[in-house]
Amino acid sequence: MEPIDRRTFLAAGAATAASLGTASPAAAKADKSGAVFLSTWKWGVHANTRAAEVLDGGGSLLDAVEKGINVVEDDPNVMTVGYGGLPNAQGEVELDAGIMDGTTHRAGSICNLHKIKNPISVARLVMERTRHTTLAGEGALQFAIAMGFAPMQLLTPKSLEAWLKWRSTPDRKSFWIDGEHHDTIGMVAADGEGKVVAGCSTSGLAWKIPGRVADSPLVGCGYYADDAAGAASATGDGDVMTNYCTSAFIVQQMARGAHPQEACEECMRMMARSAPDIHTDMYCVIAINPRGEIGAASMNSKQPLQYAHWRGGSGTLETAAAFLG
Ligand code: GLY
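Keep in mind that what you see is a predicted model, and the values were worked out from it rather than measured.

Residue placement: arginine 124 occurs in helix H4 (residues 119-129). In this view, arginine 124 contacts Ser60, Leu62, Asp63, Glu66 and Ile99; residues no more than four positions away in its chain are not counted.

See the structure below:
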């Protein structure tokens, strides 16, 4: 998919709406065509490949999404997720993640986790081993240690050097009002038998104020899943996207019969309507329904969303439609 201008985007959305306007949640049942994985950014290619391996090997869809996301969390070259993620203003790597099971409508999430490189796995344990949904900070770290995770240094020589460089820049942005580097690994998956899962993991905004939490670990913001409608995930400026509950919004659109692409486009429209200067930063979403139909959209083509798409045993890297051209 190539970036398209707003008029084309709108026309495409209208066409999609016209062709899919009669769909209903009841119609969203599996076609048994196999599993589909959709992940944000180029590192999503490796995440999807691992997820498909796990599912093929007899794992559940939750296992597949968790283990797929682990690949990106473990990669020191992805400097916005997990090990090697850029730290907060004090030089501490602070991780956020969340996962949701569309069948049980249960979610687990972790905020401001230090020293543990796989927050998505800790989030899954919050979902499965506790009656809570979210653990944060020191409590999250103690829970992870109790679950057998080993604390480690998450700064790499590369991320430490980047932080030292930022800190020694006299005119550096204050980050009380601005920021940069806030990508995620977001994954949505359908197993071809009617089940969907969504997950999201990030180190958040580079040089953030310690304690900052944005969309990625928040249910309905960074991820959302419901077998009756579909799953969605968001990436981009989470401080802004949190205010729109993007993932829940998209799943709600699908519950009302929208195709995932139409639902993603409607999310961008909804954001643009309330914020005229929205074109200034990166806002992107992906979605899937239980039939394995997919959607992806970014707010503008200057900061396009690349997403990885796995279907029928092979994967591609594609570019999402851009709302503002
Ligand atoms: N969307 C990731 C973040 O802003 O932390």
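Right, picking up where we left off after that structure.
Looking now at the sheet that holds strand S3 (residues 106-113). Here eight strands make up an open sheet; going across it, the order is S4-S3-S2-S6-S5-S1-S11-S12 and the pairing mixed. Looking at the sheet topology across the chains shown, the edges are occupied by strand S4 (134-136) and strand S12 (314-319). Here the average twist between neighbouring strands, direction ignored, is 10°. Direction of pairing for strand S1 (residues 36-40) relative to strand S11 (residues 306-311): antiparallel, over a ladder of five bridges. The residue bridging phenylalanine 37 from the neighbouring strand is tryptophan 310, located in S11. Lying on the sheet, helix H2 (residues 44-56) is in contact with S1, strand S5 (185-190), S11 and S12; it crosses S1 at an angle near 150°.

Turning our eyes to something else, we now look at the sheet that holds strand S10 (residues 294-298). A sheet is described by the order of its strands in space; here five strands give the open sequence S7-S8-S9-S10-S13, paired in mixed fashion. This sheet does not close on itself; its edge strands, each paired only once, are strand S7 (223-226) and strand S13 (321-322). Relative to S13, S10 runs parallel, the two being bridged by two bridges. Bridged to serine 298 within S13 is alanine 322. Relative to strand S8 (residues 230-236), helix H8 (residues 246-255) is tilted by about 145°, and along the sheet it contacts S7, S8 and strand S9 (283-288). The sheet strands contacting helix H9 (residues 260-274) are S9, S10 and S13, and the helix crosses S10 at an angle near 25°.

Attention now goes to the nonpolar core. Membership of the largest hydrophobic core comes to 85 residues, with the highest contact counts inside it found for Phe37, Ile250, Met271 and Val285. At seven residues, the largest contribution of residues to this core is made by H9. Apart from residues no more than four positions distant in its own chain, valine 285 is found in contact with Ser233, Ala234, Met241, Thr246, Ile250, Cys264, Cys267, Met268, Gly295, Ala296, Ala297 and Leu305. Judged by nonpolar contacts, the second largest core, of six residues, contains Leu86, Trp163, Trp166 and Ala206.

Turning next to the side chain of arginine 212. With respect to the secondary-structure elements, arginine 212 resides in the loop between strand S6 (196-202) and S7. Classification of arginine 212 by relative accessible area gives buried; the value is 13%. Polar side-chain contacts of arginine 212 include one of 2.9 Å to the side chain of aspartate 239.

Around the ligand, the surrounding shell holds 10 residues, and the nearest of these are Gly204, Arg212, Asp215, Gly236 and Gly238. With respect to the ligand, the side chain of arginine 212 contributes an N or O atom lying 2.7 Å from an oxygen atom. At a separation of 2.8 Å, a nitrogen atom of the ligand approaches a polar side-chain atom of aspartate 215. Protein chains bury 100% of the 200 Å² of accessible surface belonging to the ligand in isolation. A class-by-class count of the residues in the shell around the ligand yields two nonpolar, six polar and two charged.

With respect to the secondary-structure elements, alanine 64 resides in helix H3 (residues 61-74). Distance from alanine 64 to valine 197, taken between C-alpha atoms, is 9.4 Å for residues 133 residues apart in sequence. What alanine 64 contacts, discounting residues up to four positions off in sequence, is Phe37, Ala51, Val54 and Leu55.

Right, let's talk about the packing of H8 against H9 for a bit. Contact pair H8 / H9: the axes reach a minimum separation of 9 Å and the direction vectors enclose 130°. Taken together, the axes of H8 and H9 lie oblique to each other. As H8 runs across H9, the sense of the crossing is right-handed. In contact with Thr246, Phe249, Ile250, Gln253 and Met254 of H8, H9 contributes Pro260, Ala263, Cys264, Glu266, Cys267, Met270 and Met271. Residues that form the contact of H8 with H9 fall into these classes: nine nonpolar, two polar and one charged.

Below, the discussion takes up the packing of aromatic side chains. Within the structure shown, the criterion is met by one aromatic pair. Ring geometry for tryptophan 166 versus tryptophan 207: centroids 5.3 Å apart, planes at 10°, classification stacked. In this pair, tryptophan 166 sits in helix H6 (residues 157-167) while tryptophan 207 sits in the loop between S6 and S7, placing the two residues 41 residues apart along the sequence. On the accessibility criterion, tryptophan 166 (10% relative accessible area) is buried.

Note on placement: serine 201 falls in strand S6. Residue serine 201 is classed as buried on the basis of its relative accessible area of 0%. Reaching out from serine 201, the side chain makes a polar contact with the side chain of glutamate 73 at a distance of 2.6 Å. Aside from chain neighbours lying at most four places away, what touches serine 201 is Ile69, Glu73, Val81, Asp96, Ala97, Pro119, Thr184 and Ile185.

Reading guide: rules and limits
Residues numbered from 1 in each chain as written. Predicted model: local features only at pLDDT ≥ 70, side-chain atom pairs only at ≥ 80, totals over all residues. Heavy atoms only, no water. Helix = DSSP H or I, 4+ residues; strand = E, 2+ residues; numbered from the N terminus. Contact = heavy atoms within 4.5 Å. Pairing = 2+ DSSP bridges. Axes fitted to C-alpha atoms, helices over the stretch in contact; angles between N-to-C directions. Core = buried A, V, L, I, M, F, W, Y, C linked by side-chain atoms within 4.5 Å. Buried < 20%, exposed > 50% of the residue type's maximum accessible area, 1.4 Å probe, protein only. Polar contact = N/O pair within 3.5 Å; in protein donor to acceptor, adjacent residues only side chain to side chain. Near = heavy atom within 4 Å. Areas by Shrake-Rupley, 256 points an atom, 1.4 Å probe, with all protein chains shown as cover. Nonpolar A, V, L, I, M, F, W, Y, C, P; charged D, E, K, R; others polar. Parallel < 35°, antiparallel > 145°, perpendicular 65-115°, else oblique. Left-handed = near helix turned anticlockwise from the far one by under 90°. Phe/Tyr/Trp six-rings, centres within 6.5 Å; stacked < 30°, edge-to-face > 60°.

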